[in-house]
Amino acid sequence: MLNKENRNQLDKISSILCCDFGVADVEGRVCYSGSSNITEGDIISVPRAGEEVFEEYDIVEQNGMNFAYYNMDDSEPVWFFLSVEGDDKESGKRLLELALCAYDNRREVRSRRKAEFFRSLVTEGYSAVDVNDFNMYVGELSPDIVGYTIIIVSLITSSYDPANLAVVEEFLAGIFPSKEGYCVIPADDERLCIICPLTEENGFEQLLENADLISDTVLSELMISVSVAVGVAVNNIKSIDAAFKSAEKADVIGKMFEMSGKSFVYDKLGLSRLVYGMPKETCLAFLKETLGPSILEDKSWFVRPGGQEDEIKKTIKTFLDTNQNISETSRELYIHRNTLVYRLDKFNKMTGLDCTKFEDGMKVGMAMLVLQYLSKMQNKDNKN
Amino acid sequence: MASVKLKNIYKKYPGGVTAVNDFNLDIQDKEFIVLVGPSGCGKSTTLRMIAGLEEITSGELLIDGKLVNDIAPKDRDIAMVFQNYALYPHMTVFENMAFGLKLRKTPKGEIKKRVQEAARILEIEHLLDRSIKALSGGQRQRVALGRAIVREPKVFLMDEPLSNLDAKLRALMRTEIIKLHQRLQTTVIYVTHDQTEAMTMGSRIVVMKDGYIQQVESPQMLYEKPVNMFVAGFIGSPQMNFAVARVEKEGNDVRLRMGRWTVTLPEKKAKVLEEYGYIEKEVVLGVRPEHVHDEPVYIEQFSDCVVESAIDVVELLGSESLIYFTLEGTNFISRVKPRHNLYVGDTMKFAINPEKVHIFDKETENIIVN
C-alpha cells in the first residue's frame, strides 16, 4: 500500500510532529508508524464504518486518538492517526489536519513532477529525461510487464475547453488505475495520453477492447466528445516515444479517412496508412488512370468540408463496404435494388469500371480513399 | 422527469448540408419516444443536439420549459446510453455504478443509497461485489443501464443501445428496457434503425428520412395509417407490397387495375379517389402481406379482388408461411397460416382484402386513402 516515496514523505512529516503519528488500513493494521510506541503490523482500534459512511478528510476522535480518513495514491482508503500527550484534543485534531495538508501538498508536487517526467519521456524520448528520474519512476513498475503502448485521447473541437481536459484526466485515471501500472498524463492542452503496460494476461488485444470503450464512456459519463488512438506496442519503456508517435499518426489518419470504429489503431489502419504516405502527384496520376480525367474535373467528387457525398459515390462506397452485396447495400441505403443496379451501371458508363467485379471494385475502393485523402489535404491547405 | 420540446430545429453543416430540417416535436413527461429511420436520416444528429453534443443551427430546444440551447451538455441533467457496454474492467459492479457519482463528488452515503436502489430495480443486488469479467452479456448490459440510472437524470437518451447484442439478448433487453421505463417513470428518447425495436418499445414513434420528420404516431396508427409510401414501406416486416395500378370506374364500382387483375374498392375508398380526380389515373396500391389471403373463405368473400400467380418462393417460418409471387412483373408477398403443401411453381389464388388496401399518389408518394 505504501511505496518508498510515500514513506519518505511520511518520515519528513513525522520528524516535524514529534508525536505518535502513523497510518493504518481500514481494518486497523498499522502500515506506517513514525513513533517507537507503535510498531508496523500492530492492530489498533480504528473507527468502523457501520451505517455511517466516511468521506475523505473526515476527522474522528476515538479513545484519545485522532483519525483522519484519506485515500492513498491508489485510492485505497486508510486512517492517518495522531495522538498528543495530555488532554488537548483540539490541538491534536489541528496537528492532524496540518499533517494531511502537508502530505497533500507533497503528493501534488510529486504528481506534477512525475507527469512532467512521463510527458518528456513520451513526447521527446528517453534521451530527454534525467536518468535518476527514470530510475525512480520507472523502477516502480511491475516486473510482470512485457511491453507498453500509448493511447491518445483528444478532445474533439466541439468539446474543447481546458477545464474539460482536467475532468477527462481525472476520469481516465479512475478507469486506468496507477495501481495496475497505467499512467494518465496531459500530452498538451487538447490531448491526454495513457501509458499502458501490457502483461501476459492483459495483452494488446485486451487493451484494444478497453480503448474501444473510452469514447462512449467519456461521452455518457461526462458528456464530452473525445477521439481515441492507439499506438504500436513496444517492448521497452525506453522506446515509448515510438508508441506515442504512432498513436499520433493513427489519430491523424483515422480522422482524415473518417474511419469507422471506436478507436483508431495504428496497426489496423490498413490501406489508409498506405495512401497517407503517397505523394500528391502519385495520387492524382492514379485517379486519372483509374477514374478517368473527366472525374477529376468534377468537383462534386471531392469531399466538401462537412459536406454530403455525391449520391453515386455514397452508393459505391456502401456497395464496397458490404462486400459487393446488392441486397445488403439496397437495405443499408434504403433504396430499391433496381435503383442500385441503375446507379452501378451509371458509374460503369462514366468510368468503364464494373464494381461488381473484384478487380474493378478493388481499384475503385482504392480510388475512393485517394479522393478522400486529396480532399482533406486540399481543405487543410485552404484553411492554412 | 421532464418534457422535451423541439421547435423548428435545424442542423446545417458548414459545407451547406442540412442534416435536420425544421424538426418540431413535443415529448411529454414520462413518454418513451423512438426516433427511427434509415442511416443518414438525421435521428442520431437530433439526439446529439438534445444532448448538447451538436450545436443547434437554429430553433429552440426546451427541457421542462427551459431553453437549453446554450447550456453545456453536462448541465442538462440527461443521461446517454450507448451500444458499447462501456464498463470499467478493473472495478466491481458496485464501483462501476458508483464511479460517475464519485466523480461528481456525490457524498458516499448518497452513492451507496442510489447504487443499491438502482441494483434493486435492475435485480442485480446479488452481483454488486462481483468483478465485471464474471458477468454475462445481459448482466453487463444491466450494469451499464444502472450507471445511467444512478444519476437520476431528467431524460434518458439511448442511441442504438442494443445494436451490439445478438438476436436473443436483444429481444431480452428490449423487454428489460420497457420494464425499466415503467418502473422509473422517466422520459426516454430512443434512437434505432430497427423498426421492430421501434414498434415494440415506443409509445410514439417518429419516422425520419433525409432530415425530415415523416410521421409521428403510435405504433399501431403508424402501421395502419401511414402518411406516405416511405413510412408504409419502412414500418412492418416483411414490408408492404406496392404495385402501380390504374383507377377505373364502371357503373358504381371503382376498381384498381394491375394488368388483367382488378381490385374492387369499398365505397368509402372509391369516393375519395373520385373526389380527388384519380379516375383513369395511375396510383400505387399498397397492401400488407397479411392482407393477401389464400384461404378459400377469403377467396369467396373478396371474389372481385382475386389474383392468380405461380409461387416463386415459400418460406416456412413455423407459426406462419410467407409466399412470394409475381403479379404483372411486381413482386408480392403473402403471409398465410403455416402449411406444408405449398410448392414452388404451383399456381395459387390470392384474395386482396380491399378494406385494408392503402392507395398512394404515384408522383408525390403521399397517401390518398388508407
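Residues numbered from 1 in each chain as written. Chains lettered and ligands numbered in written order. Predicted model: local features only at pLDDT ≥ 70, side-chain atom pairs only at ≥ 80, totals over all residues. Heavy atoms only, no water.

Q: Even after reading the chapter, I still don't get the overall build of chain A, so can you show me in this structure?
A: A tally of helices and strands in chain A yields 13 helices and 10 strands. Here the C-alpha atoms of chain A give a radius of gyration of 29 Å, more than 25% beyond the 21 Å that 2.2 N^0.38 yields for 384 residues. With the principal axes as the frame, chain A shows a C-alpha extent of 100 × 50 × 40 Å. Relative to its full complement of 384 residues, chain A shows a buried share of 47%. Of all intrachain contacts in chain A linking residues separated by at least 6 positions in sequence, the fraction that spans at least 24 positions is 57%. (Helix = DSSP H or I, 4+ residues; strand = E, 2+ residues; numbered from the N terminus. Rg over C-alpha atoms; globule rule 2.2 N^0.38 Å. Buried < 20%, exposed > 50% of the residue type's maximum accessible area, 1.4 Å probe, protein only. Contact = heavy atoms within 4.5 Å.)

Q: Hey, could you run me through the pairing of strand 6 (residues 145–155) of chain A in this one?
A: Within a regular beta strand, the side chains point alternately toward one face of the sheet and then the other, so they alternate between its two faces. Residue and element names in this part refer to chain A. Burial analysis of strand 6 places 10 of its 11 residues in the buried class, the great majority of the element. In this structure, strand 6 lies alongside strand 8 (residues 191–199), joined through 9 bridges in antiparallel fashion. In the strand pairing of strand 8, Val-153 is matched with Leu-192. Bridge count between strand 6 and strand 9 (residues 226–230): 5 bridges; the pairing is antiparallel. Bridge assignment links Leu-155 to a residue of strand 9, and that residue is Val-226. (Pairing = 2+ DSSP bridges.)

Q: Could you clarify how one ought to interpret the interface of chain B and chain A in this entry?
A: Counting residues at the interface gives 38 residues for chain B and 31 residues for chain A. Across the chain B to chain A interface the summed buried area is about 3000 Å²; carbon plus sulfur atoms make up 56%. Broken down residue by residue, the surface that chain B buries against chain A is led by His-90, Leu-103 and Lys-108 of chain B, which jointly contribute 20%. Between chain B and chain A we count 3 salt bridges in total. At the surface where chain B touches chain A, the tally comes to 8 residue pairs in polar contact (both at pLDDT 80 or more). Only helix 1 (43–51), strand 6 (78–81), helix 2 (93–103), helix 3 (108–122) and helix 8 (229–234) of chain B provide two or more residues apiece to the side of chain B that touches chain A. (Buried area = accessible area lost by both parts, 1.4 Å probe. Salt bridge = Lys/Arg side-chain N within 4 Å of Asp/Glu carboxyl O. Polar contact = N/O pair within 3.5 Å; in protein donor to acceptor, adjacent residues only side chain to side chain.)

Q: Explain the sheet that holds strand 4 (residues 58–63) of chain B here, please?
A: Think of a sheet as strands paired side by side through backbone hydrogen bonds, with each pair either parallel or antiparallel. Residues and elements named next belong to chain B. If you walk across this open sheet you meet the 4 strands as 2-1-4-5, and the pairing is antiparallel. Only two strands of the sheet have a single neighbouring strand rather than two, namely strand 2 (18–27) and strand 5 (66–67). Across 6 bridges, strand 1 (residues 4–12) lies against strand 2 in antiparallel orientation. Looking at strand 2, one finds that Lys-11 is bridged to Val-20. Packed onto the sheet, helix 1 meets strand 1, strand 2 and strand 4 and runs at close to 115° relative to strand 1. (Axes fitted to C-alpha atoms, helices over the stretch in contact; angles between N-to-C directions.)

Q: Just checking my understanding: could you explain the environment of Val-369 of chain B for this structure?
A: Tracing the backbone through its elements, the reader meets Val-369 of chain B in strand 21 (residues 367–369). Sequence separation between Val-369 of chain B and Ala-270 of chain B is 99 residues, and the spatial gap between their C-alpha atoms is 9.2 Å.

Q: Before we go on, may I ask you to explain the pattern of salt bridges in this structure?
A: Two side chains carrying opposite charge are able to pair once their charged atoms lie near each other. A full pass over the atoms with the stated rule returns 35 salt bridges over all chains. Between Glu-40 of chain A and Arg-7 of chain A there is a salt bridge, with the nearest N and O atoms lying 3.1 Å from each other. Here Glu-40 of chain A, found in the loop between strand 2 (30–33) and strand 3 (59–62), pairs with Arg-7 of chain A, found in helix 1 (residues 4–17); they are 33 residues apart in sequence, far enough to count as distant. Close ionic contact of Arg-94 of chain A with Glu-90 of chain A constitutes a salt bridge, the shortest N to O distance being 3.7 Å. Here Arg-94 of chain A pairs with Glu-90 of chain A, and both are found in helix 2 (residues 89–124), just 4 residues apart, close to one helical turn. Via salt bridges that share partners, Glu-110, Lys-113, Arg-114 and Glu-152 of chain B belong to a single interconnected network.

Q: Can you help me understand the packing of helix 2 of chain B against helix 3 of chain B in this one?
A: A packed helix pair is summarised by two numbers, namely the angle formed by the two axes and the spacing between the axes. Residues and elements named next belong to chain B. Between helix 2 and helix 3, the shortest axis-to-axis distance is 10 Å and the interhelical angle comes to 130°. As far as their axial angle goes, helix 3 and helix 2 are oblique. Our pair here, helix 2 against helix 3, has a crossing hand that is right-handed. On helix 3, the residues that touch Phe-94, Met-97, Ala-98, Leu-101 and Lys-102 of helix 2 are Ile-111, Lys-112, Arg-114, Val-115, Ala-118 and Ala-119. (Parallel < 35°, antiparallel > 145°, perpendicular 65-115°, else oblique. Left-handed = near helix turned anticlockwise from the far one by under 90°.)

Q: Hey, could you run me through helix 3 of chain B in this one?
A: The periodicity of an α-helix, 3.6 residues per turn, causes residues three or four positions apart to be oriented the same way. Residues and elements named next belong to chain B. The end-to-end C-alpha distance of helix 3 is 21 Å, a good match for the 21 Å that 15 residues give at a rise of 1.5 Å each. Within helix 3, burial applies to Ile-111, Arg-114, Val-115, Ala-118, Ala-119, Ile-121 and Leu-122. Viewed end-on, helix 3 has its buried residues packed into an arc of 160°, placing them on one side of the element. Residues of helix 3 that are buried sit in contact with helix 2, helix 4 (137–149) and helix 5 (167–184). Where helix 3 ends, the next residue or the one after it, Glu-123, has phi of about 55°, a positive value. (Expected span 1.5 Å × (residues − 1). Arc of directions from axis to C-beta.)

Q: Would you mind going over the confidence of the model for chain B with me for this structure?
A: Any residue range with low pLDDT should be treated as having predicted coordinates unsuitable for detailed reading. Within chain B, residue pLDDT values average 91, and 99% of them lie at 70 or more. Put simply, helix 4 of chain B is where chain B has its lowest mean pLDDT, 85, and strand 20 (residues 358–361) of chain B is where it has its highest, 97. (pLDDT = per-residue confidence, 0-100.)

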